[in-house]
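# Inside the fold
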Amino acid sequence: MMELLQAIEQMGQSLLGVAWVPVWTLVKIVAIVAPLMIGIAYLTLAERKVIGYMQVRIGPNRVGYYGLLQPLADGIKLMFKEIIIPTGSNRFLFVVAPVLALMPALAAWAVVPFADGMVLANVNAGLLYILAMTSLGVYGIIIAGWASNSKYAFLGAMRSAAQIVSYEIAMGFALVCVLMAAQSMNLGDIVHGQQGKAGLFGWYFIPLFPMFLVYLIAGVAETNRAPFDMAEGESEIVAGFHVEYSGMAFALFFLAEYANMILIAALTSIMFLGGWLPPFDVAPFNWLPGLFWMLAKMSFVLFLFLWFRATFPRYRYDQLMRLGWKVFIPLTLIWVVVVGAWMQTRFWLW
Amino acid sequence: MSFDTLVFYLLAALTVFAALRVITARNPVHAALFLVLAFFSTAGIWMLLEAEFLAITLVLVYVGAVMVLFLFVVMMLDINLVQLREGFWRWFPFGVVLAAIMVFEMVWVLGSRQTVETGAQVAKHAADYSNTKELGRLIYTEYVYPFELAAVVLLVAIVAAIALSLRHRRDSKSQDVAKQVAVRREDRVRIVSVPSGKKAGPGIED
């Protein structure tokens with residue numbers, strides 16, 4: 001596999017010269033984004049199926065075997081719907097907002113390693129880049145809410161902005177603990193830091209267990225997923241920020257939400273669950289390629305997302321703010337100090 | 001002209017354009033969004049200088065947090081555009097003088113012989129050079145006192161801002177979460193067993 005890639009690279013370099021680097025990068029981007037889009041499509045199906053079975057229903061089962069073609073049917077339906085731009089809305093920003101929502105959700109994938117060395121951009125400040133990119137997603141939402149010229153959309157945007165800014169702080173501090181433990185901001189090095197004889201006991205979810213929970217819950221809040229989906233709140237503000245959107249413009253918000261979910265799942269796997277590492281470094285486990293373990297862990301975290309949605313009722317807004325500011329932020333601040341002190345002792349085994 | 005220079009001029013032009021639009025845009029929300037663009041292009045320029053930590057932190061802090069709150073406030077304000085724009089020409093000369101002083105200072109610092117000489121020596125670092133690590137080392141060793149001082153000043157500013165704007169309203173209601181959590185079923189629900197009568201009440205027929 002590696003030899004084949006090297007051979008392709010050599011051939012390309014001799015064939016295209018300087019132009020090879022952008023072309024090869026483009027190929028890599030397509031190789032990440034295309035499976036991601038398929039993943040998003042089938043995540044929507046998985047969500048409907050999983051929640052269906054949790055509620056003793058079957059879920060979609062008409063289009064294709066077991067409803068397997070349902071996402072395609074939904075996509076085609078959305079594509080042929082008319083995009084209505086409301087009167088009194090800000091035309092330009094109304095159209096740009098869905099793009100701004102999706103762009104950071106895809107851009108963040110640039111630094112995510114899927115297996116050892118299998119990464120588009122192996123940058124040193126990868127963790128920081130991820131934080132910056134995930135913090136940009138809120139622009140799509142608040143611009144959509146404002147440009148729609150609708151009070152429900154605006155209320156949704158306000159809720160979302162406050163929510164995302166609040167939870168980002170806790171999320172950032174949780175990541176500070178990870179980078180302290182790994183002593184690197186490179187996502188690949190963070191996974192390497194969890195490698196060892198102990199297998200899954202060497203992963204960071206053990207010493208940083210509170211941070212693992214904080215990151216996971218803050219991730220649910222950051223992606224506006226139930227039980228923290230006040231930004232949409234269909235029973236209170238109709239559908240929140242995207243109430244005025246239809247057709248593909250709505251679909252882009254939908255894609256952004258699911259892309260963000262998959263991204264949070266990937267990051268949780270990398271930073272707390274050992275990324276591409278097998279749970280035990282012994283015979284049957286390490287035969288499987290790293291990509292398999294990475295995807296398995298991501299699927300597990302995504303299943304948690306769906307499970308949360310089927311289990312918990314929506315939070316009240318003041319409860320959400322309390323959880324973010326009065327529980328998570330103090331907890332993360334304390335754990336930063338705890339990890340710092342712990343690392344100075346002999347009892348730090350990671 | 002090398003590729004770096006090309007990118008630099010592109011980003012610099014974008015920054016200047018965005019900064020101009022911040023003060024000329026009619027709609028305050030558009031102005032705030034142009035400020036976001038200005039921050040972004042500045043982050044790009046810093047990235048060119050291999051200051052990736054500062055560049056990404058600029059995006060993270062200013063674009064990701066500060067400007068979001070800024071937009072939040074600007075969108076909620078009921079701004080009268082006419083009122084906002086009146087007095088522009090009255091204050092214009094003052095602004096020009098201020099801008100001229102700032103430009104002079106920048107040229108003075110950046111154009112001095114010392115800056116030019118040291119600036120020319122900045123060499124490209126190897127790929128494994130960590131800008132973040134170096135910055136951290138400098139901040140927490142050589143510049144630890146100024147850094148801590150700045151942190152304390154910021155903390156005092158936060159406390160002062162809250163102290164100045166905090167008003168305890170007499171009629172505001174708040175919840176004691178500890179009490180809410182401590183509530184048991186017995187505190188709220190009383191089961192009353194009412195003996196069921198054999199005869200149906202009036203108005204109900206068998």
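Note that the structure is a prediction, hence the values are computed from the model and not measured.

Reading the values: the criteria
Residues numbered from 1 in each chain as written. Chains lettered and ligands numbered in written order. Predicted model: local features only at pLDDT ≥ 70, side-chain atom pairs only at ≥ 80, totals over all residues. Heavy atoms only, no water. Helix = DSSP H or I, 4+ residues; strand = E, 2+ residues; numbered from the N terminus. Areas by Shrake-Rupley, 256 points an atom, 1.4 Å probe, with all protein chains shown as cover. Contact = heavy atoms within 4.5 Å. Buried area = accessible area lost by both parts, 1.4 Å probe. Salt bridge = Lys/Arg side-chain N within 4 Å of Asp/Glu carboxyl O. Nonpolar A, V, L, I, M, F, W, Y, C, P; charged D, E, K, R; others polar. Axes fitted to C-alpha atoms, helices over the stretch in contact; angles between N-to-C directions. Parallel < 35°, antiparallel > 145°, perpendicular 65-115°, else oblique. Left-handed = near helix turned anticlockwise from the far one by under 90°. Expected span 1.5 Å × (residues − 1). Bend = angle between axes of the 7 residues up to and from the residue. Buried < 20%, exposed > 50% of the residue type's maximum accessible area, 1.4 Å probe, protein only. pLDDT = per-residue confidence, 0-100.

### Regarding the overall build of chain B
- Scanning chain B from N- to C-terminus turns up 10 helices and 0 strands.
- With the model as given, the accessible surface of chain B reaches about 17,100 Å², and the carbon-plus-sulfur share is 67%.

### Topic: the interface of chain B and chain A
- With 29 residues of chain B at the contact, the number on the chain A side is 26 residues.
- Between chain B and chain A, roughly 2,200 Å² of surface is buried when both sides are summed, and carbon and sulfur atoms account for 76% of that area.
- By the criterion of area lost to chain A, the three top residues of chain B are Ile 56, Leu 60 and Met 75 of chain B, representing 26% of everything that side buries.
- The tally of links from chain B across to chain A stands at 0 salt bridges.
- For the side of chain B that touches chain A, the element with the highest residue contribution is helix α3 (residues 52-76) of chain B, accounting for 15 residues.
- Its residues placed into classes, the side of chain B that touches chain A shows 19 nonpolar, 7 polar and 3 charged.

### Some thoughts on the packing of helix α4 (residues 91-107) of chain A against helix α10 (residues 247-272) of chain A
Residues and elements named next belong to chain A.
- Where α4 meets α10, the axes come as close as 8 Å, and the angle between the chain directions of the two elements is 20°. Looking at the two axes, α4 sits roughly parallel to α10. Seen along the crossing, α4 lies across α10 with a hand that is left-handed. For the pair α4 and α10, the contacting residues are Ala 97, Pro 98, Val 99, Ala 101, Leu 102 and Ala 105 in the first and Ala 249, Leu 252, Phe 253, Leu 255, Ala 256, Ala 259, Asn 260 and Leu 263 in the second.
- Across the contact of α4 with α10, the residue classes tally to 13 nonpolar, 1 polar and no charged.

### Description of α4 of chain A
- The end-to-end C-alpha distance of α4 of chain A, which contains 17 residues, comes to 25 Å, matching closely the 24 Å that a straight helix rising 1.5 Å per residue would cover.
- The largest bend in α4 of chain A comes to about 30°, at Ala 97 of chain A, with the proline Pro 98 of chain A one to four residues further on.
- Along α4 of chain A, the residues classified as buried are Leu 93, Phe 94, Ala 97, Pro 98, Ala 101, Leu 102, Pro 104 and Ala 105 of chain A.
- On the buried face of α4 of chain A, the contacting elements are α5 (126-147) and α10 of chain A together with α2 (28-48) of chain B.

### Description of the confidence of the model for chain B
Residue and element names in this part refer to chain B.
- Predicted confidence across chain B gives a mean pLDDT of 82, with 85% of residues reaching 70 or more.
- No element of chain B has a lower mean pLDDT than helix α6 (residues 113-120), which averages 62, and none a higher one than helix α8 (residues 144-165), which averages 92.
- Taken over the whole predicted complex, pTM reads 0.84, whereas the ipTM for its chain interfaces reads 0.80.

### Observations regarding the packing of α3 of chain B against helix α7 (residues 131-140) of chain B
Residue and element names in this part refer to chain B.
- One way to put it is that α3 packs onto α7 with a least axis distance of 8 Å and a crossing angle of 90°. Between α3 and α7, the crossing angle belongs to the class labelled roughly perpendicular. Listed contacts from α7 to Glu 52, Phe 53 and Leu 54 of α3 are Asn 131, Thr 132 and Leu 135.
- The residue makeup of the contact of α3 with α7, split by class, is 3 nonpolar, 2 polar and 1 charged.

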